[in-house]
Amino acid sequence: QVQLVESGGGLVQAGGSLRLSCAASGRSFRGYAMGWFRQAPGKEREFVAACPWSGTPTYYGDSVKGRFTISRDIAGRTVYLQMNSLEPEGTGVYYCALDRAFSRSYYSDTEYDYWGQGTQVTVSS
């Protein structure tokens, strides 16, 4: 049973930083891909970042390029999302997701097979 658990969300002022973590358990994830998505109130889920399990290359949504960084730990069981220069528009629930095979449709939430429960990020202006 694959399980993803996010942590690190919270309240931060605009311009601040947060680092989200996603701990994966249940099996070996070699060859998988990891993504981060977010969903603001009343809006559709939005692609934030993705990478294959090797950690590179990395891909980002246009709204976060240059400010967010996706990475994973050496053991390959935790994926991080470093978020800098946060903006109020970044408020929402952030989800990590796992895809059993990295594809060129990494930006689509329908590609992902497993999801965490989400962690709330609130950016105050």
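Now for a description of the structure that goes with this document. Because the structure is predicted, anything quoted here is derived from the model rather than measured. (Residues numbered from 1 in each chain as written. Predicted model: local features only at pLDDT ≥ 70, side-chain atom pairs only at ≥ 80, totals over all residues. Heavy atoms only, no water.)

Re the nonpolar core
Here is step 1: Of all hydrophobic cores here, the largest spans 28 residues; its most connected members are Trp 36, Leu 81 and Met 83.
Here is step 2: Where this core is concerned, the elements lending two or more residues are strand E3 (18-25), strand E4 (33-39), strand E5 (46-52), strand E7 (68-72), strand E8 (78-83), strand E9 (92-99) and strand E11 (119-124).
Here is step 3: Take this core: its biggest share by element is 4 residues, from E3.
Here is step 4: Excluding residues that lie within four positions of it along the chain, Leu 81 makes contacts with Leu 18, Arg 19, Leu 20, Trp 36, Val 48, Ala 49, Phe 68, Thr 69, Ile 70 and Tyr 94.
Here is step 5: By size, the runner-up hydrophobic cluster in this structure holds 6 residues, among which are Phe 47, Ala 50, Tyr 106 and Tyr 112. (Core = buried A, V, L, I, M, F, W, Y, C linked by side-chain atoms within 4.5 Å. Buried < 20%, exposed > 50% of the residue type's maximum accessible area, 1.4 Å probe, protein only. Helix = DSSP H or I, 4+ residues; strand = E, 2+ residues; numbered from the N terminus. Contact = heavy atoms within 4.5 Å.)

As for the state of the cysteines
Here is step 1: Scanning all chains against the criterion turns up 1 disulfide.
Here is step 2: Two residues, Cys 22 and Cys 96, share a disulfide whose sulfurs are 2.0 Å apart. Its S-S torsion of about 55 degrees marks the bond between Cys 22 and Cys 96 as right-handed, since a negative value means left-handed. Here Cys 22 is found in strand E3, whereas its partner Cys 96 is found in strand E9, with 74 residues between them in sequence.
Here is step 3: The cysteine Cys 51 is free of any disulfide, with Cys 22 supplying the nearest cysteine sulfur at 11 Å.
Here is step 4: Classification of Cys 51 by relative accessible area gives buried; the value is 1%. (Disulfide = S-S within 2.5 Å.)

Some points on the packing of aromatic side chains
Here is step 1: In total, this model carries 12 aromatic pairs according to the counting rule given.
Here is step 2: Ring geometry for Phe 102 and Tyr 106: centres 5.9 Å apart, planes at 5 degrees, overall stacked.
Here is step 3: Ring geometry for Tyr 106 versus Tyr 107: centroids 5.5 Å apart, planes at 85 degrees, classification edge-to-face.
Here is step 4: Each residue in the set Phe 37, Phe 47, Tyr 59, Tyr 95, Phe 102, Tyr 106, Tyr 107, Tyr 112 and Trp 115 is aromatic and connected to the rest through ring pairs, giving one cluster.
Here is step 5: Over the aromatic face of Tyr 80 sits the side chain of Arg 19, whose NZ or CZ is 4.2 Å from the ring centroid. (Phe/Tyr/Trp six-rings, centres within 6.5 Å; stacked < 30°, edge-to-face > 60°. Lys NZ or Arg CZ within 6 Å of the ring centre and 35° of its normal.)

Things to note about the pairing of E9
Here is step 1: Summarising burial for E9: 7 of the 8 residues are buried, a large majority.
Here is step 2: Of the pairings in the sheet, the one linking E4 to E9 comprises 7 bridges and is antiparallel in character. Within E9, the residue paired with Ala 33 across the bridge is Asp 99.
Here is step 3: Two elements, E9 and E11, share 3 bridges in a ladder whose sense is antiparallel. When the bridges of E11 are listed, Gly 92 appears paired with Val 121.
Here is step 4: As judged from the 2 bridges shared by E9 and strand E10 (residues 114-115), these two strands associate in the antiparallel manner. Bridge assignment links Ala 97 to a residue of E10, and that residue is Trp 115. (Pairing = 2+ DSSP bridges.)

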